[in-house]
Amino acid sequence: MPSSPNDAAARSKPSRSSRSKWTAAAANLFQVPKDNEAARTRKLGEVTAYAIKRDIAARGWPVGEVLGNQVELMRHYNVSRSTLREAVRQIERHGVARMRRGVGGGLVVQQPARDSVVLAIASYLELAAVSLSELFEAREVVEGLLVGLICERATDADLKRLGELLQGLLASAADNMQLEATRHLALRGAINSLSRNAALSLLLESLYYVTSDMLTVEADHPDVKMLIRESRREKKELVEALLGGDEMQARMAMRASLDRSRKQAEQQLRRIRIKFEDASALTLGVTHDSPNAGNAAMKLGHRTSLRIAHDIAAAKSAPGTRIGAEPEVGARYGVSRAVFREAVRTLELHSIVGVRRGLGGGLVVGKPDPAYTVELTSIYFQYARLKPRHFYELWRTIQTTAAQLAARSIDATGRRQLELLLEQQRQAGREDMLEIHGRVHEAISVLSGNRVLALFTKVMAEIAAYYSTRVPLPDIWKVFTDSHTELVGAISRGEVALARRLMTRHLKLVDAWYGEAPRSEWLQSLRDTEELSPEWPAAPKVAATKKAAKKPPAVKKGPVRKPAVKKAAKKRSKS
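Residues numbered from 1 in each chain as written. Predicted model: local features only at pLDDT ≥ 70, side-chain atom pairs only at ≥ 80, totals over all residues. Heavy atoms only, no water.

Thoughts on the packing of aromatic side chains
Worth spelling out the cut-off: Each pair of aromatic rings taken from Phe, Tyr and Trp, with Trp reduced to its six-membered ring, is defined by centres within 6.5 Å and is described as stacked if the planes are under 30 degrees apart, edge-to-face if over 60, and tilted in the remaining cases. Numbering of helices and strands runs from the N terminus, with a helix taken as a DSSP run of H or I at least four residues long and a strand as a DSSP run of E at least two residues long. The criterion for a charge sitting over a ring is simple: Lys NZ or Arg CZ within 6 Å of the ring centre, and within 35 degrees of the ring normal.
Going through the model one piece at a time under the given rule, you end up with four aromatic pairs. Note on Phe 391 and Trp 395: the rings are 6.2 Å apart at their centroids and 20 degrees apart in plane angle, and the pair reads as stacked. In this pair, Phe 391 and Trp 395 both sit in helix α16 (residues 388–409), four residues apart, roughly one turn of the helix. Above the face of the Phe 136 ring, Arg 139 is positioned so that its terminal group lies 5.6 Å from the ring centre.

Brief notes about the pattern of salt bridges
Just so we agree on the cut-off: Criterion for a salt bridge: a side-chain nitrogen of Lys or Arg within 4 Å of a carboxyl oxygen of Asp or Glu. Each residue's exposure class comes from its accessible area (1.4 Å probe, protein chains only) as a fraction of the maximum for that residue type: buried when under 20%, exposed when over 50%, partly exposed otherwise.
Enumeration over the complete set of coordinates arrives at 30 salt bridges. Residue Arg 89 is joined to Glu 86 by a salt bridge in which the shortest nitrogen-to-oxygen separation is 2.7 Å. Highlighted residues: Arg 89 and Glu 86, both in helix α3 (residues 81–94), separated by three residues, approximately one helical turn. Residue Glu 86 is classed as partly exposed on the basis of its relative accessible area of 26%.

Quick look at the sheet that holds strand β5 (residues 362–365)
Heads up, the condition is: Between any two strands, at least two bridges found by DSSP are needed for them to pair. Helix axes are fitted only over the stretch in contact, all axes being lines through C-alpha atoms; the angle between N-to-C directions runs from 0 to 180 degrees. Residue contacts are counted whenever heavy atoms from the two residues lie within 4.5 Å of one another.
One open sheet holds the three strands; their spatial order is β3-β5-β4, and the pairing between them is antiparallel. Unpaired on one side and paired on the other, β3 (322–324) and β4 (353–356) mark the two borders of the sheet. Between one strand axis and the next, the sheet turns through 40 degrees on average, direction left out of account. Where β3 lies against β5, two bridges are found, and the strand directions are antiparallel. The partner of Arg 322 across the bridge, within β5, is Val 364. Set on the sheet, helix α14 (residues 337–349) makes contact with β4 and β5; between it and β4 the angle comes to about 110 degrees.

Some thoughts on the pairing of β5
Where β4 meets β5, four bridges bridge the pair, whose relative direction is antiparallel. Directly across from Arg 356, in β5, lies its bridge partner Gly 362. Joining the antiparallel neighbours β4 and β5 is a turn of five residues, in which Gly 358 adopts a positive phi near 85 degrees.

Considering the side chain of Gln 399
Here Gln 399 is to be found in helix α16. Take Gln 399: its relative accessible area is 0%, and that puts it in the buried class. Apart from the residues lying within four places of it in its own chain, the contact partners of Gln 399 are His 441, Ser 445, Thr 457, Met 503 and Leu 507.

Things to note about unusual backbone geometry
We note that Arg 196 has phi near 55 degrees; this positive angle belongs to a residue other than glycine. Mapped onto the elements of the fold, Arg 196 is located in the loop between α7 (177–193) and α8 (198–214). On the accessibility criterion, Arg 196 (39% relative accessible area) is partly exposed. In this model, Ser 351 sits at a positive phi of 60 degrees, which is unusual for a non-glycine residue. Structurally, the position occupied by Ser 351 is in the loop between α14 and β4.

Written out as structure tokens, the structure reads:
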């Protein structure tokens, strides 16, 4: 069904005491450093915009507060008027703040727009040509987590509301496509929100946005009535399973719905001679007969950016290759100057293209970089005060899946990369421990071959900078390193099931040290893990918490009196 992002999350203004601190001390086990050589050179306007957003977050995101007028901001950030204006345009586009004109005006802090974050993630996935296959694979992973969390957390009031939404959908006439889509979106948004995990909810919303954009069915499609019946039946099975608390049945219903959507997509793509594995927003967005060609909701600027990105990918142009002067390229795509500039601005944000100044300048080919998306998403989660527990739930699910997929598709280059990171981890000094640990996990997510999982691993790494933790002691660090060594070995050998189990075990160690588990339980967790891996070095001894079982009394030879037998039997029973 057609869809658009929903803003279902209720947000409240954070207190100053709970705001996060942007300091080097906030490094943690999952932080992934930015590769300065690989990252694109940021313009001064972008750097200034980032500094303003950091300052807003550090102040506790005071909605409605005026940060300063134009002159004051130029002085504070030591930039020119034109640079500040470019920074403010970015800030306004992100929904972080807006410039109010007139007396008493200035840059006013706004509530960050959730839709802007969803659109940023969706735009990157589309412009980076992430395939439908990757999108559906990621949906299968996170939708499974969604069902489990709903069965764990949904209240009676939640489920009652869910039942009412289902009844409203089933009772309405199926001949009004707009109303049908609205009711489906309301029900899907309600289901998505019941996980009570802001990170999971946002990721799913972004995935729904992209797949719906790519696979919209028009009202006059010959199969539309059948698709409506199928969609209603699937929603009914899923909601009834959730109402009954049947997690297994709910998972099966969610999976069946995804499988049906995949088959529907394959049939649509077959008609335009595109394989499902090759389909992406770029291939569908520029195909005149594509399922999405008549979607009026897709803005012309966005469609133009897809066309430019598609042509760059088709030409297999290396980064730095000149595309042409802006007026020349704009005329080539037959759009107005304003539309073309909007398209170029979107492409620049995701580093698909760059603008070279001076003689021989113009648009040049770039390399897709998720830095903008990661930054905006992490700032939103800081404002939403994402809890460590919710962060860890999604992180754990992504990492265990990434380990499986990496083991399934690892090649010689990937093996060398992981071995190099392991060697760096073994030799890491105290100041580098946390950084290298995160880089191992990022590498595994990239080797999974699923760019959705890799993108959200980067987002999770950025979010983790808000949760401070201590650098592990040497003996504990050795346990982490040995655990990584064992895990990388399984991935390198292509042992899929073992890779998943070892990643799960590794994350249990990390959770005991980093997560919400009490620190006093760390050594006990370590000892429990050792029982599964006896080749690991012995952990420090822990005082026993249970009384040793009593041995049964020895029975003397010869005649035994009756009372003594009863007493011995009683003791055996107790033991």
